[in-house]
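Analysis of the macromolecular model
Chain by chain, the residues run as shown.
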Amino acid sequence: MDIKKFEEDLHHDLHEYFKGKKELDERFAECPDVEEKWEAIANAYLADGMREFANYPTASLGWMMFIGMALAQYWDTEWEIYDQVPDLYVYMRDKRDFDHLDEYICEEVLHLEKDQQKTTSEMISECAARVLNILQHADIQPGTKEAFQGYVACIHQMYLMGMGIQLHRLGYHMTRL
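As the structure is a prediction and not an experimental result, all values here were calculated from the model. (Residues numbered from 1 in each chain as written. Predicted model: local features only at pLDDT ≥ 70, side-chain atom pairs only at ≥ 80, totals over all residues. Heavy atoms only, no water.)

1. Remarks on the packing of aromatic side chains
Using the criterion set out here, one finds 10 aromatic pairs in the structure. Ring geometry for Tyr-17 versus Phe-18: centroids 4.9 Å apart, planes at 70 degrees, classification edge-to-face. For the pair shown, Tyr-17 and Phe-18 are each scored as buried. In textbook terms, an aromatic cluster arises when at least three aromatic residues are bridged by ring pairs, as seen for Tyr-45, Trp-63, Phe-66, Tyr-89 and Phe-98. (Phe/Tyr/Trp six-rings, centres within 6.5 Å; stacked < 30°, edge-to-face > 60°. Buried < 20%, exposed > 50% of the residue type's maximum accessible area, 1.4 Å probe, protein only.)

2. Overview of the layout of surface pockets
In this structure, the largest pocket encloses a volume near 370 Å³. Taken together, 15 residues form the lining of the largest pocket, with Phe-53, Leu-135, Pro-142, Gly-143 and Ala-147 sitting closest to its centre. For the lining of the largest pocket, the elements supplying multiple residues, two or more each, are α3 (38-53), α7 (114-136) and α8 (145-169). When grouped by side-chain class, the residues that make up the lining of the largest pocket number 11 nonpolar, four polar and no charged. (1 Å grid on protein atoms, 1.4 Å probe; cavity = no way out; pocket = protein on both sides within 12 Å on 5 of 7 lines; lining within 4 Å. Points joined across faces, edges and corners; volume = space filled by probe spheres on them. Helix = DSSP H or I, 4+ residues; strand = E, 2+ residues; numbered from the N terminus. Nonpolar A, V, L, I, M, F, W, Y, C, P; charged D, E, K, R; others polar.)

3. So, the nonpolar core
Counting 64 residues, the largest nonpolar core has Ile-67 and Ile-105 as the members making the most contacts within it. Put simply, the parts of the chain that give this core at least two residues each are α1 (3-20), α3, α4 (57-82), α5 (88-93), α6 (101-109), α7 and α8. Element by element, the count of residues in this core is highest for α4, at 14 residues. With near-sequence residues (within four places) excluded, Ile-67 lies in contact with Ile-41, Tyr-45, Tyr-89, Met-92, Leu-101, Ile-105 and Tyr-159. (Core = buried A, V, L, I, M, F, W, Y, C linked by side-chain atoms within 4.5 Å. Contact = heavy atoms within 4.5 Å.)

4. Overview of unusual backbone geometry
Even without being a glycine, Lys-22 presents a positive backbone phi close to 65 degrees. Secondary-structure assignment places Lys-22 in the loop between α1 and α2 (32-36). Residue Lys-22 is classed as exposed on the basis of its relative accessible area, which comes to 66%. A positive phi is found at His-111, a non-glycine position, where the angle reads about 55 degrees. Structurally, His-111 is set in the loop between α6 and α7. Given a relative accessible area of 55%, His-111 falls into the exposed group.

Okay, here's the thing in structure tokens:
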């Protein structure tokens, strides 16, 4: 299986999905500062995310979208401070714990009201279920190197979608000049 093509197809699917929900623009948002944090975030997240994937796959996938949203929010507000935090994932996770990372981000980072928390959590849960379905129906043998690469591709796209959605919510719109 071509993991690069799998990830490109997944990106396209999710981008179309969120455009339909009016959460993203035609042109996907770019934020190099947040995108550059991906590798460090992923390396720190993988142990927790993979451990949880067996019993809670949608949480394992969905938490990464919350993280992408949080980093976009940090970028918009106080990036000069958050850019200096050595491990942003651990910083956020340890505010409460892994199981409550979503609540921490919604309440303390995004400052969402209860109804906004509910709709955001539902949207992310629905997206995570969509990504899980795509992953399960891909031609990937469980427990293989390709399965690991497929999982990483999925959380990478969840991270990017979270970043893009939060930038869109903050009023950043990517248009052609």
